[in-house]
Amino acid sequence: RVQQQACLADLAQRRKWLDGLVVSGGEPTCTPQLPRLLADLNSLGLPVKLDSNGTQPEFLADLLETGLIQAVAVDVKGPWALYPQLTGGAWSAQAARTALTAVFALAQRYPGQVLLRCTKVPLLSPADLEETRAQVPADLELHWQDFITVNA
């Protein structure tokens, strides 16, 4: 809590140079204190966006409904069948389909506030990218991101 207060004080000092804030992770919805953090961030008067993998669509809905976030970006990692590979075994194909279908409904309910994106990782073939686009409802935009390797 002390670190959070120090961070909020620092953000308050920089507020005039900021257009908004992004909370990302790991997966921020796994943090029980997230609603309190978001409430504190909202006190700065800046819009807050959350980056999520979409595993907890009900939680995302609550955050949007209560105004704790103004936007959420959700990763659509690829075709459902590849989710076990794309997530290191953390998601089954069925779990991904179920959660992201709920996210798609959320995107339709909150137009412009739920952003869907897919990173074109090397594992995904052009056919996989087409399949990924096809599993997202046609009325929703899917933003493509290039995968960039950084040599250190």
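Structural data are supplied above this passage.
Since the model is a prediction, treat every value here as computed from it, not as a measurement.

(A) Expanded view of helix H1 (residues 2-14). For H1, spanning 13 residues, the distance from its first C-alpha to its last is 19 Å, which sits close to the expected 18 Å at 1.5 Å a residue. Of all the residues in H1, the buried ones are Gln4, Leu8 and Leu11. The buried residues of H1 occupy an angular sector of 65° when the element is viewed end-on, so they sit on one face. Exposed residues lying more than 90 degrees from the buried face of H1 are Val2, Gln3 and Gln13. On its buried face, H1 is in contact with strand S1 (21-23) and helix H2 (34-42).

(B) Broad picture of the environment of Asp19. Following the sequence through the fold, Asp19 ends up in the loop between H1 and S1. Between the C-alpha atoms of Asp19 and Leu46, which are 27 residues apart in sequence, the distance is 6.7 Å. Other than its neighbours up to four places away in sequence, Asp19 contacts Leu46 and Pro47.

(C) Expanded view of the pairing of strand S4 (residues 114-120). Pairing between strand S3 (residues 71-75) and S4: four bridges, direction parallel. Note that in S4 the partner of Ala73 across the bridge is Leu115. Here S4 pairs with strand S5 (residues 142-146) via five bridges, running parallel. Bridge pairing in S5 places Leu116 opposite Leu142. With respect to chirality, the unit in which S4 leads through helix H6 (residues 126-135) into the neighbouring parallel S5 is right-handed.

(D) A look at the pattern of salt bridges. Using the criterion set out here, one finds six salt bridges in the structure. Measuring nitrogen to oxygen at the nearest pair gives 3.0 Å for the salt bridge that ties Glu65 to Arg109. A residue pair is termed long-range when its members are at least 10 positions apart, and Glu65 in helix H3 (residues 57-65) and Arg109 in helix H5 (residues 93-109) qualify at 44 residues. Residue Arg117 is joined to Asp75 by a salt bridge in which the shortest nitrogen-to-oxygen separation is 2.6 Å. Pair noted here: Arg117 is in strand S4 and Asp75 is in strand S3, with a separation of 42 residues, a long-range link. Ionic contacts of the salt-bridge type, sharing partners, join the residues Lys49, Asp51, Asp75 and Arg117 into one network.

Conventions used here
Residues numbered from 1 in each chain as written. Predicted model: local features only at pLDDT ≥ 70, side-chain atom pairs only at ≥ 80, totals over all residues. Heavy atoms only, no water. Helix = DSSP H or I, 4+ residues; strand = E, 2+ residues; numbered from the N terminus. Expected span 1.5 Å × (residues − 1). Buried < 20%, exposed > 50% of the residue type's maximum accessible area, 1.4 Å probe, protein only. Arc of directions from axis to C-beta. Contact = heavy atoms within 4.5 Å. Pairing = 2+ DSSP bridges. Right-handed = clockwise from strand over helix to strand, strands pointing away. Salt bridge = Lys/Arg side-chain N within 4 Å of Asp/Glu carboxyl O.

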